[in-house]
Amino acid sequence: MESCAFCNIDVLRNDSGVPYKDESFFFRVGLSLIARGHTLLVPNQHYQCYGALPDSLDEKCYELEDTLKRRISEAFSEPFLIEHGVWGQTVPHAHSHFIPLKSEEYEITSLIDEMIMKGPLATKIEEVDRIKLKQVYQEEGGYLRIEENGKLYICHITDIPVDKSNPYLTFRAFFEQIKGLTGIGNWKTMTGDEKKRDEKKRA
């Protein structure tokens, strides 16, 4: 898909923010990072979300998720994983964010407790396995996925409108409003100062 930021192979090939790429997936150090270590796992092929990923890619996906979790844990802190699925995506291509639970600017004990359980998704959350994740996507057309402490959760979002300003619905609003971080809004509209601050996190 030509208009998709993650499908533009020529750009990605020369991008220093892509520290790993194989025939199926790549790691991406994106823009508007929450903290140093914030990394994305992205499939090369254009799928809407991880719920749409074919079963043939599952084993490689799990292997790379484990690799990324280990690397971030060793260099920064244990990460949580969050994927907005097709609900609230800014790039309509499957990608999951791995974000350290603590940095110099914040510390999180549990994203589930601090973000999800305090908002409109508190009654919509369910611990699942990966098979159930795909079933929910097929049946409901979307989800919010979070992994922390070795457990996989989905939030059923079919009757929840996307509100990017609600800190209990989207992780960027959570980090801005609850954790007090600045310059982590929309990567498409970053100011010059925000880009400089972001570049330090990429180093």
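In what follows, the structure referred to is the one given above.
These lines cover the structure that appears in this document, whether it is placed above or below. (Residues numbered from 1 in each chain as written. Predicted model: local features only at pLDDT ≥ 70, side-chain atom pairs only at ≥ 80, totals over all residues. Heavy atoms only, no water.)

Turning next to the sheet that holds strand β8 (residues 151–155). On the basis of which strands lie adjacent, the open sheet formed by eight strands has the order β1-β2-β3-β5-β4-β7-β8-β6 and antiparallel pairing. Looking at strand neighbours, the two that pair on one side only are β1 (20–21) and β6 (125–127), the edges of this open sheet. Strand direction decides the pairing type here: β6 and β8, joined by three bridges, are antiparallel. Pairing of I125 across the sheet is with C155, part of β8. (Pairing = 2+ DSSP bridges. Helix = DSSP H or I, 4+ residues; strand = E, 2+ residues; numbered from the N terminus.)

Let's shift gears to the packing of aromatic side chains. Scanning the model with the defined rule gives six aromatic pairs in all. Geometrically, the ring pair formed by F174 and F175 is edge-to-face, given 5.4 Å between the ring centres and 80° between the ring planes. Residue class for F174 comes out buried when judged on its relative accessible area of 0%. By relative accessible area, which is 0% here, F175 ends up buried. Each residue in the set F80, Y106, F174 and F175 is aromatic and connected to the rest through ring pairs, giving one cluster. (Phe/Tyr/Trp six-rings, centres within 6.5 Å; stacked < 30°, edge-to-face > 60°. Buried < 20%, exposed > 50% of the residue type's maximum accessible area, 1.4 Å probe, protein only.)

So, on to the pattern of salt bridges. Scanning the entire structure with this criterion turns up 12 salt bridges. In this structure, D22 engages K60 in a salt bridge whose closest nitrogen and oxygen atoms are separated by 3.4 Å. With D22 in the loop between β1 and β2 (25–28) and K60 in helix α2 (residues 58–75), this residue pair connects regions lying 38 residues apart in the sequence. Here D22 falls in the buried class, since its relative accessible area comes to 13%. For E147, the salt bridge identified is with K69, shortest N-O distance 3.2 Å. Of the two residues, E147 sits in strand β7 (residues 144–148) while K69 sits in helix α2, which places them 78 residues apart along the sequence. Taking relative accessible area as the criterion, E147 reaches 7% and is therefore assigned buried. The exposure class of K69 is partly exposed, given its relative accessible area of 23%. (Salt bridge = Lys/Arg side-chain N within 4 Å of Asp/Glu carboxyl O.)

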